[in-house]
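Each chain, letter by letter, is given below.
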Amino acid sequence: NDYQLSLELFDCALKCSYAIGDHKKLHVFSEQVISSAKSFEDKLNATFYSFSSLCDASMFDEAIKKGIWVLSMLGEDIPFSTSHSHILAIIAETRSILNSY
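What you are looking at is a predicted structure, and each value in this text was computed from that prediction instead of being measured.

A.B. asks: When you look at the packing of helix 3 (residues 40–56) against helix 4 (residues 60–73) in this model, what are you seeing that I'm missing?
C.D. replies: Between helix 3 and helix 4, the shortest axis-to-axis distance is 9 Å and the interhelical angle comes to 160°. Classed by the angle they form, the pair helix 3 and helix 4 counts as roughly antiparallel. Once helix 3 is placed against helix 4, the crossing between them reads as left-handed. Touching Phe40, Lys43, Thr47, Ser50, Phe51, Leu54 and Cys55 of helix 3 are Phe60, Glu62, Ala63, Lys66, Gly67, Trp69, Val70 and Met73, all from helix 4. In the contact of helix 3 with helix 4, the residues fall into nine nonpolar, three polar and three charged.

A.B. asks: Looking at this structure, I do not really get the layout of surface pockets. What am I missing?
C.D. replies: Volume-wise, the largest pocket comes out at about 160 Å³. Lining of the largest pocket is provided by His23, Leu26, His27, Glu31, Ser50, Ser53, Leu54, Ala57, Met59, Glu62 and Lys66. Only helix 2 (23–36), helix 3 and helix 4 provide two or more residues apiece to the lining of the largest pocket. The element contributing the most residues to the lining of the largest pocket is helix 2, with four residues. Grouping the constituent residues of the lining of the largest pocket by class yields four nonpolar, four polar and three charged.

A.B. asks: When you look at the environment of alanine 19 in this model, what are you seeing that I'm missing?
C.D. replies: Among the structural elements, alanine 19 can be located in helix 1 (residues 2–20). Expressed as a C-alpha distance, the spacing of alanine 19 and serine 96, which sit 77 residues apart in the sequence, is 44 Å.

So, how was this worked out
Residues numbered from 1 in each chain as written. Predicted model: local features only at pLDDT ≥ 70, side-chain atom pairs only at ≥ 80, totals over all residues. Heavy atoms only, no water. Axes fitted to C-alpha atoms, helices over the stretch in contact; angles between N-to-C directions. Helix = DSSP H or I, 4+ residues; strand = E, 2+ residues; numbered from the N terminus. Parallel < 35°, antiparallel > 145°, perpendicular 65-115°, else oblique. Left-handed = near helix turned anticlockwise from the far one by under 90°. Contact = heavy atoms within 4.5 Å. Nonpolar A, V, L, I, M, F, W, Y, C, P; charged D, E, K, R; others polar. 1 Å grid on protein atoms, 1.4 Å probe; cavity = no way out; pocket = protein on both sides within 12 Å on 5 of 7 lines; lining within 4 Å. Points joined across faces, edges and corners; volume = space filled by probe spheres on them.

Take a look at the structure:
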């Protein structure tokens, strides 16, 4: 299958680019995979190496955005901003859950 072979070749290119620290090529390869992959699972390696590369380059804001995108694809909704009272309510709820253990 040409699709599977292409995906495997791009995954190898991603690994090699990451191993030698070529962040620019890694970004090009990962964007190609993410834009062309047929399923979320097919995008995971590209997303992982892209995320890791961003962290290695101290591009934490971009890494956080990519991490939030992955979580949203997995069904987790992460708000970008929230109120102080909402945070306190979540902390209280978490304490309540932990106290039951």
